[in-house]
Number of protein chains: 2
Amino acid sequence: MIVIDTEKMFREIEAKNPASVSLNGPDGILPQVQEAAVKITEKFGIPAYVLADTTWGTCDLNSNGSKVLGADIQFNIGHTINTDMLDGVVLIDAFDDVNFDSVAKKCITHITGKKVSVVTDSQHLHRVDGVKKILEDAGIKVKIGSGKGQLNDGQVFGCEFYPATELKDIVDAYVFLGQSNFHAAGIALSTNKPTYVLDPYFNEVREITEFALKLKKKATLSIYKAAQAKSFGVIVGLKEGQLSKVFALKFKKELEKHGKTVQLFALTDITNERLQNLRGVDAFIQVACPRISTDNRFDMPVLSSPQANALLKILNNESIEEYLEAPHWL
Amino acid sequence: MIVIDTEKMFREIEAKNPASVSLNGPDGILPQVQEAAVKITEKFGIPAYVLADTTWGTCDLNSNGSKVLGADIQFNIGHTINTDMLDGVVLIDAFDDVNFDSVAKKCITHITGKKVSVVTDSQHLHRVDGVKKILEDAGIKVKIGSGKGQLNDGQVFGCEFYPATELKDIVDAYVFLGQSNFHAAGIALSTNKPTYVLDPYFNEVREITEFALKLKKKATLSIYKAAQAKSFGVIVGLKEGQLSKVFALKFKKELEKHGKTVQLFALTDITNERLQNLRGVDAFIQVACPRISTDNRFDMPVLSSPQANALLKILNNESIEEYLEAPHWL
């Protein structure tokens with residue numbers, strides 16, 4: 001069950017006495033965000049708006065939405081990072097209280113005698129130490145990678161993997177806590193090491209390599225398809241933490257050197273449906289969020305930044321080995 | 001063919017010497033917006049970003065998107081209103097050069113001897129006088145309603161119909177220029193008069209009454225379904241010209257008087273998909289854009305403001321006759 005730190009929200013409201021507040025969180029926990037909003041209105045008698053747009057991460061807080069509403073405090077729930085406040089938005093923890101003891105014990109038989117690193121996403125950070133102890137008690141050596149940027153120790157985003165990649169020459173495998181194949185695949189691809197998902201709900205240990213390789217195959221195929229393209233669209237993302245105009249203009253310049261035509265676009269949500277409105281573009285490059293390209297389906301190549309860098313290598317007749325093996329994909 | 005007033009854009013750029021510009025327009029003319037962007041870059045050597053998010057009207061200019069990009073000038077194309085500039089955005093005409101002579105002559109046999117009003121949307125405003133003359137030459141009396149707010153004479157939006165409604169006691173029917181059943185249905189519903197679409201591409205005159213009545217039936221059914229609901233979600237739209245927090249709070253208060261529970265939400269794009277993330281809500285009211293409710297499909301009632309006003313009447317045991325017969329639906 002997801003447990004939101006409502007006490008912290010109450011303390012903020014008591015301290016700042018807002019006329020209204022807004023709350024948002026990832027789609028999966030929106031019902032719990034709604035409950036928190038109801039509690040706030042019951043306790044303080046003020047409007048509490050649930051901002052129900054997407055918030056994919058701290059790159060996508062939708063603080064403009066909250067400003068438009070005129071809310072005095074915005075609570076972004078469920079994106080725990082190494083700070084409490086980002087761009088004026090109060091970050092609130094949403095931890096999953098599910099227990100990993102059983103699945104961690106199960107895991108021991110899969111990885112006995114090895115050296116592993118335990119990694120997770122925001123919802124299960126508080127479980128890292130417990131799982132570490134269970135594995136160590138069974139004689140497995142466990143390393144927790146250091147946080148960097150916004151990341152806490154042992155934490156990964158969908159696009160940043162520092163605590164994982166810094167250990168890739170030291171550990172034999174990664175153990176990811178949670179159900180997110182999405183995050184685990186990022187670890188597998190950025191480290192090229194066996195990565196196990198410890199799913200506490202299914203009490204299941206699953207290796208993610210095959211799934212990750214499928215994503216990579218699809219990503220690589222897109223790059224080679226794009227290499228045949230004559231006309232490109234380079235898309236700048238409009239979400240507040242996804243703006244990379246400099247990269248967009250760099251890719252434009254590089255592609256034009258190779259005789260390609262390039263149009264510039266900007267989009268808030270980069271979806272196949274939105275791209276279908278555009279004409280005369282053989283392949284897109286989007287510099288907003290790398291996972292849009294690797295994890296979504298598009299009718300034509302839509303490359304992320306690491307894919308676009310690989311494309312430029314192909315156009316320069318260089319090798320593109322290991323283009324996803326990097327501590328981040330931005 | 002859609003003809004964009006690129007000369008006006010060139011003059012603006014020459015006068016202001018921007019480092020970069022952005023352009024947007026409704027989905028249907030995005031290819032022509034792309035062409036305009038290419039021309040600008042060719043002529044001035046500056047980045048011209050096509051903002052490919054939706055822009056449903058002057059209520060949805062996406063000027064924040066252009067600000068995020070840092071573009072020095074934003075051109076919004078295709079939403080002709082009675083001013084050249086709105087909230088710092090330069091409005092550029094996009095007229096359809098299709099000729100109405102043939103379909104206007106065809107129309108004469110449908111409506112001989114009557115008094116009609118010619119109405120249209122932004123793309124065909126320049127054809128009103130020509131069609132008026134053809135009808136008058138055939139002995140039909142033609143009235144053109146006066147503009148109001150942002151509307152030019154003879155123009156309607158999807159949500160505002162002043163030039164049509166002001167004549168509803170004077171004319172027998174409306175003649176809409178263009179292919180948009182969407183706009184024509186708005187005229188039919190807001191006036192309760194026969195409305196004919198003059199479609200120059202199919203060279204076809206079609207009455208829109210049946211289509212409009214279907215929309216109304218669906219809208220009315222939603223109101224009665226919502227009257228059974230116990231828990232409501234009231235949604236504020238975050239698009240810059242769609243913010244109606246006051247209405248949202250009014251509906252909340254009124255519904256609570258009737259013993260309903262009400263949660264507050266905010267969304268940029270109000271879609272069935274986004275609403276599916278939310279729990280414990282029997283019916284929604286959205287105060288963003290009335291056409292979202294009448295023209296889209298949702299799994300549960302999603303009422304617009306006029307529908308919500310009708311709902312309150314039902315809850316007060318009053319009649320809801322003619323709830324859409326109004327000069328605007330905001």
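Read on for a plain summary of the structure. (Residues numbered from 1 in each chain as written. Chains lettered and ligands numbered in written order. Predicted model: local features only at pLDDT ≥ 70, side-chain atom pairs only at ≥ 80, totals over all residues. Heavy atoms only, no water.)

### Quick notes on the side chain of threonine 294 of chain A
Residues and elements named next belong to chain A.
Thought 1: Looking at the element boundaries, threonine 294 is found in helix H11 (residues 290-295).
Thought 2: A distance of 2.5 Å separates a polar atom in the side chain of threonine 294 from a polar atom in the side chain of aspartate 295.
Thought 3: The contact partners of threonine 294, leaving out residues within four places of it in the chain, are Leu215, Lys218 and Ala219. (Helix = DSSP H or I, 4+ residues; strand = E, 2+ residues; numbered from the N terminus. Polar contact = N/O pair within 3.5 Å; in protein donor to acceptor, adjacent residues only side chain to side chain. Contact = heavy atoms within 4.5 Å.)

### Overview of the relation of the copies chain A and chain B
Thought 1: Expressed as a screw transformation, the operator carrying chain A onto chain B has a rotation angle of 180° and an axial translation of 0.0 Å, and the superposed copies differ by an RMSD of 0.0 Å. Both chain copies can therefore be described as sitting about a two-fold axis. In terms of C-alpha distance to the rotation axis, chain A has asparagine 64 of chain A as its closest residue, with the C-alpha 4.3 Å off the axis.
Thought 2: Comparing contact sets, 100% of the residues at the interface of chain A also lie at the interface in chain B, consistent with an isologous, same-surface contact. (Least-squares fit on C-alpha atoms with pLDDT ≥ 70 in both.)

### Brief notes about the pattern of salt bridges
When the charged atoms of two side chains with opposite charge come close together, those side chains can pair.
Thought 1: According to the stated counting rule, one finds 28 salt bridges over all chains in the structure shown.
Thought 2: Measuring nitrogen to oxygen at the nearest pair gives 3.0 Å for the salt bridge that ties aspartate 60 of chain B to lysine 239 of chain B. Of this pair, aspartate 60 of chain B sits in the loop between strand E3 (48-51) and helix H3 (63-69) while lysine 239 of chain B sits in the loop between strand E13 (231-237) and helix H9 (245-257), placing them 179 residues apart in sequence.
Thought 3: Here lysine 239 of chain B falls in the buried class, since its relative accessible area comes to 7%.
Thought 4: Among the charged side chains, a network of salt bridges with common partners joins Asp60, Lys239 and Asp269 of chain A. (Salt bridge = Lys/Arg side-chain N within 4 Å of Asp/Glu carboxyl O. Buried < 20%, exposed > 50% of the residue type's maximum accessible area, 1.4 Å probe, protein only.)

### Quick look at the interface of chain A and chain B
Thought 1: In this complex, chain A contributes 38 residues to the contact, which on the side of chain B involves 38 residues.
Thought 2: Interface area, chain A with chain B, both sides summed: about 3,200 Å², of which 56% is carbon and sulfur.
Thought 3: When residues of chain A are sorted by the area they lose upon contact with chain B, Gln34, Tyr49 and Arg274 of chain A head the list and together hold 18% of the total.
Thought 4: Between chain A and chain B we count two salt bridges in total.
Thought 5: Here aspartate 27 of chain B and arginine 274 of chain A are joined by a salt bridge, their closest N and O atoms 2.7 Å apart.
Thought 6: Counting the contacts that link chain A with chain B gives 18 residue pairs in polar contact (both at pLDDT 80 or more).
Thought 7: Within the residue set of the side of chain A that touches chain B, elements represented by two or more residues are helix H2 (30-44), strand E3 (48-51), helix H3 (63-69), helix H9 (245-257) and strand E14 (261-267) of chain A.
Thought 8: Residue composition of the side of chain A that touches chain B, grouped by class: 21 nonpolar, 10 polar and seven charged. (Buried area = accessible area lost by both parts, 1.4 Å probe. Nonpolar A, V, L, I, M, F, W, Y, C, P; charged D, E, K, R; others polar.)

### Concerning the environment of threonine 80 of chain B
Residue and element names in this part refer to chain B.
Thought 1: Here threonine 80 shows up in the loop between strand E4 (73-77) and strand E5 (85-86).
Thought 2: For the pair threonine 80 and serine 190, spaced 110 residues apart in the sequence, the C-alpha separation amounts to 22 Å.
Thought 3: Sequence-distant contacts of threonine 80, that is, excluding residues within four places in its chain, are made with Asp93, Ala94, Phe95, Ser122, Leu125, Asn152 and Gln155.
Thought 4: Reaching out from threonine 80, the side chain makes a polar contact with the side chain of aspartate 93 at a distance of 2.7 Å.

### A closer look at the sheet that holds strand E8 (residues 115-120) of chain B
All names here are of chain B.
Thought 1: An order of E9-E8-E10-E11-E12 is seen for the five strands of this open sheet, with the pairing classed as mixed. Whereas interior strands pair on both sides, the edge strands pair on one side only; in this sheet they are strand E9 (141-143) and strand E12 (204-207). Across the sheet, the axes of successive neighbouring strands diverge by a mean angle of 30°, strand direction being ignored.
Thought 2: Note: E8 against strand E10 (residues 173-177), five bridges, orientation parallel. Counterpart to serine 117 in the pairing with E10 is tyrosine 174. (Pairing = 2+ DSSP bridges. Axes fitted to C-alpha atoms, helices over the stretch in contact; angles between N-to-C directions.)

### Here's the deal with unusual backbone geometry
Thought 1: A positive phi angle, near 60°, is found at glutamate 322 of chain A, a position not held by glycine.
Thought 2: With respect to the helices and strands, glutamate 322 of chain A occurs in the segment after helix H12 (305-315).
Thought 3: Backbone geometry places asparagine 317 of chain B, a non-glycine residue, at a positive phi of 60°.
Thought 4: For asparagine 317 of chain B, the position within the fold is in the segment after helix H12 (305-315).
Thought 5: Classification of asparagine 317 of chain B by relative accessible area gives exposed; the value is 74%.

By themselves, these are just geometric observations and shouldn't be taken as functional.
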